[in-house]
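Results of the structural survey
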Amino acid sequence: MKQQKQRSWGFGPGLLVTAAFVGPGTIATASAAGAGFGYALLWALLFSVFATMALQEMSVRAAIVTGNGLATTLREALKGRWLGRGAILLVIAAIGLGNAAYESGNIAGAALALNSISEIDNRYWALLIGGTSAALLFLPAYRQLERVLIALVLVMSAVFVASALLLSPDWSALFRGLVRPSLPDGSLTTVIALIGTTVVPYNLFLQANAAREHWAHEPDRDLALSAARRDTVLSVTLGGLITLAIVSAAAVTFFAQGLVFSPDKITTQLEPILGPSGRYVFALGLFAAGLTSAITAPLAAAYAVCGALGLPDTLRGTAFRLVALTVVFTGTIFAATGARPLSLIVFAQAANGLLLPIIAMILLWIMNERGILGDATNSWRSNLLGVLVVAVTLGLGANKLAGLIG
């Protein structure tokens, strides 16, 4: 009984999703949203949280029922179909190459946090963070890595949520922002960024594989599915709460005071309430966000690429570690040298803009295939929500591609 209770406990591999999407990029986007538009864009965050829950729950359910990661399921389901090879190549390009480009931002964000409270040069911090990320990926068991990430996410949660509460946000304006959609002048790009930084394609591959490993030895499939669903809801909700806290802090510090926000002021958001120590508190949260994303990005890339190519997609696999370390090494070099791989980032954004709606549509199709999932297929409610998410991701993808082409 004790073992069963432990298996169904709330927080699990879903927190890897929290760790992945609340990174330096999300912190910068959420800060810009709050500083520029107050609480007005919180409805976009609320939608993205529900959209993320829907897609993540489907990918996790498929993984537990089939015993395969999402990339492996896609490869086998599309075998012999004209879409198969194109989808696999897109997964490798968007997740493999894309995460290598984004890794530099994750490491640079964590280095910025440490540099803001010390005299040590960013380059040395970047090398240390890259080395730490690589070392953690070599932990002998998945559960050990999961515990490290859970601890870092809980630190990040405590910092941002407690800080937002101390700043005493305008609760009525916050509630209106959540339930009353609006588009202030000049806010469309920020809305798209806020949704795009939450509904992230590589998280589908990350959590599916993590859930498969976490519940691999659970004989009761229904218990595993129930625990995984609860884990997904709790973890995505926590990620949304952290992002909401960051938006609120920026709204109080910058928007309400009529101050202009710039990225170099990102660590000063808590100084109005905590004084000089506010910089250290925010730096702790930013460091945790950067380090967790610097670990989960290569993890997701390795899961996706190895599964797509039919290679062993487990932490101890040689190919898996090679892909993960390549992503970390690439990000570390760019972060340490201060270079921005602009062409690679633009390519990654374009590939991910294409990948998200395609993966969402294929996932929705798989979730209705009884030959694959048996009695675990989607209900009509899940399909309705899935169609809505697909429509929005198509719009986001088209907008991102149009912006990049323009």
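Just so it is clear, the structure is predicted and the values come from calculations on it, not from any experiment. (Residues numbered from 1 in each chain as written. Predicted model: local features only at pLDDT ≥ 70, side-chain atom pairs only at ≥ 80, totals over all residues. Heavy atoms only, no water.)

1. Things to note about the overall build of the protein chain
What the protein chain contains, in helices and strands, is 18 helices and 0 strands. By residue count, 56% of the 406 residues in the protein chain fall in the buried class. Within the protein chain, contacts between residues separated by at least 24 positions form 84% of all contacts whose residues are at least 6 apart in sequence. (Helix = DSSP H or I, 4+ residues; strand = E, 2+ residues; numbered from the N terminus. Buried < 20%, exposed > 50% of the residue type's maximum accessible area, 1.4 Å probe, protein only. Contact = heavy atoms within 4.5 Å.)

2. Some words on the nonpolar core
Here is a general trend for soluble globular proteins: nonpolar side chains tend to be buried in one another's company. The biggest cluster of nonpolar side chains holds 119 residues, and the ones touching the most others in it are L42, V91, L145, M156, F160, F205 and L299. Broken down by element, this core gets its largest block of residues, 16 residues, from helix α14 (residues 277-309). The contact partners of F205, leaving out residues within four places of it in the chain, are L70, A71, L74, V91, I95, Y303, A304 and I359. In terms of nonpolar packing, the next biggest core, distinct from the first, is built from 8 residues, V60, I64, W215 and A228 among them. (Core = buried A, V, L, I, M, F, W, Y, C linked by side-chain atoms within 4.5 Å.)

3. Structural notes on the packing of helix α3 (residues 24-37) against helix α12 (residues 221-255)
One way to put it is that α3 packs onto α12 with a least axis distance of 7 Å and a crossing angle of 40°. In terms of their interaxial angle, α3 and α12 are classed as oblique. As α3 packs across α12, the resulting crossing turns out to be right-handed. Every residue of α12 that contacts α3 at T26, I27, A30, S31, G34, A35, G36 and F37 is listed here: T243, I246, V247, A250, A251, F254 and F255. Counted by class, the contact of α3 with α12 contains 10 nonpolar, 5 polar and no charged residues. (Axes fitted to C-alpha atoms, helices over the stretch in contact; angles between N-to-C directions. Parallel < 35°, antiparallel > 145°, perpendicular 65-115°, else oblique. Left-handed = near helix turned anticlockwise from the far one by under 90°. Nonpolar A, V, L, I, M, F, W, Y, C, P; charged D, E, K, R; others polar.)

4. A look at the packing of helix α5 (residues 70-77) against α14
It is at 7 Å that the axes of α5 and α14 come closest, and there the two elements cross at 25°. Overall, the two elements α5 and α14 adopt an arrangement that is roughly parallel. Considering the relative orientation of α5 and α14, their crossing is right-handed. Between α5 and α14, the contacting residues are A71, T72 and R75 on the first element and Y303, A304, G307, A308 and L309 on the second.

5. A closer look at the environment of L112
Following the sequence through the fold, L112 ends up in helix α6 (residues 82-115). C-alpha of L112 to C-alpha of W125: the two residues are 13 residues apart in sequence and 8.3 Å apart in space.

6. A look at the pattern of salt bridges
As enumerated under the stated definition, the model contains 7 salt bridges in all. A salt bridge links D121 to R123; the nearest nitrogen and oxygen atoms lie 3.0 Å apart. Relative accessible area serves as the criterion here: at 31%, D121 is assigned to the partly exposed category. Looking at R123, the relative accessible area reads 45%, which means it is partly exposed. Here R221 makes a salt bridge to D375, at a shortest N to O gap of 2.9 Å. Taken together, the positions of R221 in helix α12 and D375 in the loop between α17 (370-373) and α18 (380-405) put the pair 154 residues apart, joining distant regions of the chain. Overall, the relative accessible area of 28% leaves R221 in the partly exposed class. Judged by its relative accessible area of 60%, D375 falls in the exposed class. The network of salt bridges with shared partners includes E57, R61 and R229. (Salt bridge = Lys/Arg side-chain N within 4 Å of Asp/Glu carboxyl O.)

7. Side note on the packing of aromatic side chains
Between two aromatic rings, the relevant description is the distance of the centres plus the angle of the planes. In the structure shown here, the tally under the stated rule is 2 aromatic pairs. Here F160 and F282 contribute two aromatic rings whose centre-to-centre distance is 5.4 Å and whose plane-to-plane angle is 75°, an arrangement assigned as edge-to-face. With F160 in helix α8 (residues 142-166) and F282 in helix α14, this residue pair connects regions lying 122 residues apart in the sequence. Among the residues examined, F160 registers a relative accessible area of 3% and is labelled buried. Classification of F282 by relative accessible area gives buried; the value is 1%. A ring pair is formed by Y303 and F320, whose centres lie 5.0 Å apart and whose planes are at 65°; its orientation type is edge-to-face. Of the two residues, Y303 sits in helix α14 while F320 sits in helix α15 (residues 318-337), which places them 17 residues apart along the sequence. Of the residues examined, Y303 reaches a relative accessible area of 0% and is grouped as buried. Relative accessible area serves as the criterion here: at 2%, F320 is assigned to the buried category. (Phe/Tyr/Trp six-rings, centres within 6.5 Å; stacked < 30°, edge-to-face > 60°.)

8. Here's the deal with the side chain of E57
Looking at the secondary structure, you find E57 in helix α4 (residues 42-66). A distance of 2.9 Å separates the side chain of E57 from the side chain of R61, its partner in a polar contact. Once you skip the residues sitting within four places of it in the chain, E57 turns out to touch R229 and T232. (Polar contact = N/O pair within 3.5 Å; in protein donor to acceptor, adjacent residues only side chain to side chain.)

9. Structural notes on unusual backbone geometry
Most peptide bonds are trans, and most residues other than glycine sit at a negative phi. We note that S168 has phi near 50°; this positive angle belongs to a residue other than glycine. Mapped onto the elements, S168 comes out in the loop between α8 and α9 (171-179). Classification of S168 as exposed rests on a relative accessible area of 52%.

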